[in-house]
Amino acid sequence: MYEVYSEPPGDQPATAAHKPGVKPAGLVLNKGQRGQNYDGAVVRNGDVSYWWHARGGFPPRRPSLPGPAEADVCIVGAGFTGLWTAWYLKRAEPGLRVVVLEAAFAGFGASGRNGGWVMAALPGSRERYARGPRGRAGVLDMQRQLQRTVDEIGAFCQAEGIDAHYVKGGSLSVATTVAQRERLRETVRADRAWGLDEADVRYLEPAELEERILIPNGHGGTYTPHCARVQPARLVAGLAAAAERAGVQIYEATPVTAIEPRRACTVFGDVTAKHVLRATEGFTARLPGLRRELLPVNSSMIVTEPLGDDVWRDIGWSGFETLGDEAHVYIYAQRTADGRIAIGGRGVPYRFGSGVDHRGTTQPETARALARSLRALLPQVGPARTEHAWCGVLGAPRDWCATVTLDETTGLGWAGGYTGHGVAASNLAGRTLADLVLGHATPRTELPWVFHRARRWEPEPARWLSVRGLYSAYRLADRLEGSPSGRTSLIARAADIIAGSP
Ligand SMILES: Cc1cc2nc3c(=O)[nH]c(=O)nc-3n(C[C@H](O)[C@H](O)[C@H](O)COP(=O)(O)OP(=O)(O)OC[C@H]3O[C@@H](n4cnc5c(N)ncnc54)[C@H](O)[C@@H]3O)c2cc1C
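Each value, and the rule that gives it
Once a new chain begins, its residue numbering starts again from 1 and follows that chain's sequence as written. Given that this is a predicted model, residues contribute local features only at a pLDDT of at least 70 and side-chain atom pairs are listed and counted only at 80 or more, while totals for whole chains, interfaces and linings are drawn from all residues. Heavy atoms throughout the structure, all of them, feed into the side-chain values; hydrogens and water do not. Helix numbering and strand numbering both begin at the N terminus, where a helix is a DSSP run of H or I of at least 4 residues and a strand a DSSP run of E of at least 2. Each residue is placed in one exposure class: buried if its accessible area under a 1.4 Å probe, protein chains only, is under 20% of its type's maximum, exposed if it is over 50%, and partly exposed if it falls in between. Residues count as neighbours in contact if any of their non-hydrogen atoms are within 4.5 Å of one another. With residues, only the protein chains shown are counted as cover, and all accessible areas are computed by Shrake-Rupley using a 1.4 Å probe. The term salt bridge refers to a pairing of a side-chain nitrogen on Lys or Arg with a carboxyl oxygen on Asp or Glu at a separation within 4 Å. Here, any two strands with at least 2 DSSP bridges between them count as paired. Ring pairs are drawn from Phe, Tyr and Trp, using the six-membered ring of Trp, whenever the two centres fall within 6.5 Å, and their geometry is named by plane angle: stacked under 30 degrees, edge-to-face over 60, tilted for the rest.

Asks: Explain the overall build of the chain to me, please; I cannot follow it from the model alone.
Replies: Per the secondary structure count, the chain includes 12 helices and 19 strands. Within the chain, the fraction of its 502 residues that count as buried is 59%. For the chain, contacts bridging at least 24 residues in sequence account for 79% of all contacts bridging at least 6. Split by element, the accessible area of the chain, about 19500 Å² in all, is 54% carbon and sulfur.

Asks: Would you mind going over the pattern of salt bridges with me for this structure?
Replies: With the rule as written, the count across this model stands at 30 salt bridges. Between D151 and K168 there is a salt bridge, with its nearest N and O atoms 2.9 Å apart. Here K168 lies in the loop between helix 4 (135-160) and strand 5 (171-174) and D151 lies in helix 4, a separation of 17 residues in the sequence. Of the charged contacts in the structure, one is a salt bridge between R185 and E182, with a shortest N-O distance of 3.5 Å.

Asks: What am I meant to see in the pairing of strand 12 (residues 269-278) here?
Replies: Along any regular strand the residues' side chains alternate between the sheet's two faces. Of all 10 residues in strand 12, seven are buried, a share of seventy percent or more. In this structure, strand 11 (residues 263-266) lies alongside strand 12, joined through four bridges in antiparallel fashion. Directly across from A264, in strand 12, lies its bridge partner V271. In sequence, strand 11 turns back onto strand 12 through a hairpin of two residues. Two strands pair when backbone bridges link them, and strand 12 and strand 19 (residues 412-416) are joined in this way by three bridges, in the parallel orientation. Residue pairing for strand 19: L277 is matched across the bridge by G413.

Asks: Would you mind showing me how to read the packing of aromatic side chains here?
Replies: Aromatic rings considered in pairs are described by the distance between their centres and by the relative angle of their planes. Under the criterion given, the structure shown has 15 aromatic pairs. Both rings, one in W52 and one in F105, keep their centres 5.4 Å apart while their planes meet at 80°; by these two values the pair is edge-to-face. In this pair, W52 sits in helix 1 (residues 50-54) while F105 sits in the loop between strand 3 (98-101) and strand 4 (117-119), placing the two residues 53 residues apart along the sequence. Note on accessibility: W52 and F105 belong to one class, buried.

That's the geometry; what it means functionally is another story.
In structure tokens form, the structure reads like this:
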């Protein structure tokens, strides 16, 4: 069952006086910088996420649903999807009665735990979306709308006075093996074929990469300007407050036990509404009848202690780009506003029976593995402590493509399945769901993810065995690609086909 957290986290945010780093002409690592002194210990594990700690704690708890109620629109789940939908609905029609029911508190899920990449990457396969009626044109349209969404979120923060540490520095993807470099080149070629140009994404030779960040083992990279970095808990807390100011009623500690046509059931009573919208992403499998809709994929993160000026000088990264690699079991990272590195990746990707974590606690071995990955990429961090480790679940549909949908005959709608690309996508999805509810035909309602349907996941134990098998194959492929062959491992290609990737 859902737990309700009322206790504030113990620590106040650590602050670090640091200047953006300046890349040195050459880098010679001393013994400590190579990480030999790093002991692998984690200061804090779980407690939802570092982001809530750094924000100074959880917001005061909102009341639970007081009893049976009526609304025009009832939204289940107060993450980005539910809150953006509510906010855009109220902005378009201030008189609408919009109620959000949240099992724990607003931002408890992935929205308050993620890597803070507000990215324009498509949540799913282009090839699959292109099978829709608008074909490839629809895919490019979706890509462009997602790019504008990155700015929409920045503009929203500014207009609503939300300091979410939004910096639009773009995103770097780096190659640390020859095989990864070739994959990055392939990615850029594919992007060109789909209509993206040099202003959208470009390949960086190792020397160009070094101008942005010093990855000692960097074989090259790509850069796209269409990404911003945020502190996710600040964004989701600010969004919830903005929605309330707009007149949205949010009830917390109110788990919905069943969703029926025009009705959301809770132990406090039911909410009846013309439209009931599900915004439960990675938690969806816990609702009756929805066990096999979205796979709760687990992702874990760690954050270092604040790094000193000398370390930042050795790293560079003064542009605050988000940073990822091109491994099959990839990592994603950001430079935080308080001078740390937050880095994430998959540990245990999936728990048997679509289980979810407890309070964001991750496996200690996963935290250690992420710390090793960080040092492999950026040995300059040296013995810096891991101050916090946590995890969360995101929702993956069987075909890895997201959906925004509404059935007017039942009044039921939902959006999600962003497969780890949900921070910007949930904003576009929320605007689109609002359009569908209001019956507005807009360029958004023409996008290929609208009314998209994926088949369901296999029952257990096939689901657990196949996900486990896939991730073992990807890990093995990464190890094999460490050799100088320069080719993407055939094991990874086979795993892609089994997983349903294009
Ligand atoms: C560790 C991690 C890192 C990530 N990094 C990135 C990133 O850098 N960039 C990116 O684009 N995406 C990232 N993602 C994915 C992204 O965070 C999600 O796609 C996005 O936040 C989904 O938002 P949501 O509102 O749909 O779901 P959630 O934020 O998970 O919200 C769902 C809400 O529904 C509530 N709920 C569930 N069931 C019920 C119920 N029965 N009754 C009432 N309430 C219920 C939950 O408590 C929760 O608050 C990451 C995800 C994780 C876990």
